[in-house]
Amino acid sequence: MSWSTAERATLHCLTGCAIGEVLGTVIGTALGWGNVPTMILAIALAFFFGYALTLRGVRKAGVDPRTAIRVALAADTLSIAVMELIDSGVIAFWPGAMDAHLTDAMFWGVLAFALAAAFVITVPVNKWMIGRGKGHAVVHQYHH
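Each value, and the rule that gives it
Residues numbered from 1 in each chain as written. Predicted model: local features only at pLDDT ≥ 70, side-chain atom pairs only at ≥ 80, totals over all residues. Heavy atoms only, no water. Disulfide = S-S within 2.5 Å. Buried < 20%, exposed > 50% of the residue type's maximum accessible area, 1.4 Å probe, protein only. Axes fitted to C-alpha atoms, helices over the stretch in contact; angles between N-to-C directions. Helix = DSSP H or I, 4+ residues; strand = E, 2+ residues; numbered from the N terminus. Parallel < 35°, antiparallel > 145°, perpendicular 65-115°, else oblique. Left-handed = near helix turned anticlockwise from the far one by under 90°. Contact = heavy atoms within 4.5 Å. Phe/Tyr/Trp six-rings, centres within 6.5 Å; stacked < 30°, edge-to-face > 60°. Lys NZ or Arg CZ within 6 Å of the ring centre and 35° of its normal. pLDDT = per-residue confidence, 0-100. 1 Å grid on protein atoms, 1.4 Å probe; cavity = no way out; pocket = protein on both sides within 12 Å on 5 of 7 lines; lining within 4 Å. Points joined across faces, edges and corners; volume = space filled by probe spheres on them. Nonpolar A, V, L, I, M, F, W, Y, C, P; charged D, E, K, R; others polar. Expected span 1.5 Å × (residues − 1). Core = buried A, V, L, I, M, F, W, Y, C linked by side-chain atoms within 4.5 Å.

Student: Can you help me understand the state of the cysteines in this one?
Tutor: Each disulfide consists of one covalent bond between the sulfur atoms belonging to two cysteines. For the structure on display, the rule yields zero disulfides. The cysteine Cys-17 is free of any disulfide, with Cys-13 supplying the nearest cysteine sulfur at 4.0 Å. Among the residues examined, Cys-17 registers a relative accessible area of 0% and is labelled buried.

Okay, here's the thing in structure tokens:
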């Protein structure tokens, strides 16, 4: 498989992760939660939306729900885990990032940098997995 295939797979993963990260942070902030519960929610929602995007496509191809869930788990788990490890790590260790609010430029700047770093690091992981018939490769048979 090509690098462009790995990049597309990673971009798909990044979309779900970004939706979950932002939504989790907005919800945690709105509820007045601390950093740790907010980050846990953001990570959980990143997995949820990452899987949901794959499920949507696979179900649209006519796959039964049980098989679609297995395909999504096989296709996305490692990719999302690596992406979240990098993304959350950057945010956690960037000085002042955990204290930045949604209205601060730092929040959005660090989040953008963290997601970009996660993308760059996850592309080779996805290429390696796809080349071995794992990860996003299991979804390709359902693409139209």
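Student: Would you mind showing me how to read the packing of helix H1 (residues 3-30) against helix H3 (residues 65-93) here?
Tutor: Taken N-terminus to C-terminus, the directions of H1 and H3 make an angle of 50 degrees; their axes are 10 Å apart at the nearest point. Between H1 and H3, the crossing angle belongs to the class labelled oblique. Note that H1 runs across H3; the crossing there is right-handed. Contacts between H1 and H3 involve Thr-10, His-12, Cys-13, Leu-14, Cys-17 and Glu-21 on the former and, on the latter, Asp-76, Ser-79, Ile-80, Met-83, Glu-84, Asp-87, Ser-88 and Ile-91.

Student: Please clarify how the packing of aromatic side chains should be interpreted in this entry.
Tutor: When we look at a pair of aromatic rings, we describe it by the centre distance and by the angle of the planes. Inspection of every chain in the model, using the stated rule, returns four aromatic pairs. Consider the rings of Phe-48 and Phe-49, whose centres lie 5.1 Å apart with planes at 85 degrees: the pair is edge-to-face. You can call Phe-48 partly exposed: its relative accessible area is 49%. One residue, Lys-127, lies across the ring of Trp-3, its end atom 5.1 Å from the ring centre.

Student: Looking at this structure, how should I read the confidence of the model for the protein chain?
Tutor: Note that predicted coordinates carrying low pLDDT should not be read in detail. Here the protein chain shows a mean pLDDT of 89. Residues at 70 or above account for 93%. Per-element averaging of pLDDT across the protein chain places H1 at the bottom with 89 and helix H4 (residues 105-131) at the top with 93.

Student: Can you help me understand the layout of surface pockets in this one?
Tutor: The rolling of a water-molecule-sized probe over the atoms marks out the regions of remaining empty space. The calculated volume of the largest pocket comes to roughly 380 Å³. Around the largest pocket, the lining comprises 21 residues; the ones closest to its centre are Thr-25, Asn-35, Thr-38, Met-98 and Ala-100. Considered class by class, the residues forming the lining of the largest pocket number 11 nonpolar, eight polar and two charged.

Student: Help me understand the packing of H1 against helix H2 (residues 35-60), please; the structure alone is not making it clear to me.
Tutor: Packed helix pairs are characterised by how far apart their axes lie and by the angle those axes make with each other. Look at H1 against H2: their axes get within 7 Å of each other, and the N-to-C directions meet at 145 degrees. Crossing of H1 over H2 shows right-handed handedness.

Student: Please explain H2 as it appears in this structure.
Tutor: Side chains of residues three or four places apart in an α-helix project in the same direction, reflecting 3.6 residues per turn. Look at H2: 37 Å from first C-alpha to last across 26 residues, which is about the 38 Å you get at 1.5 Å a residue. Listed in full, the buried residues belonging to H2 are Thr-38, Leu-41, Ala-42, Leu-45, Ala-46, Gly-50, Tyr-51, Thr-54 and Val-58. Contacts from the buried residues of H2 go to H1 and H3. Count one or two residues on from H2 and you reach Gly-62, which has phi positive near 95 degrees.

Student: Is there a simple way to think about the nonpolar core in this case?
Tutor: Note on soluble globular proteins: their nonpolar side chains tend to be buried together. By size, the foremost hydrophobic cluster in this structure holds 18 residues, and its most contacted members are Cys-13, Cys-17, Ile-80, Met-83, Ile-91, Val-110 and Leu-111. Of all elements in the fold, only H1, H2, H3 and H4 reach the threshold of two or more residues within this core. Ranked by the residues each element gives to this core, the list is headed by H4, at six residues. Contact partners of Ile-91, with chain neighbours within four places excluded, come to Glu-21, Met-39, Ala-97, Met-98, Val-110, Leu-111 and Ala-114.

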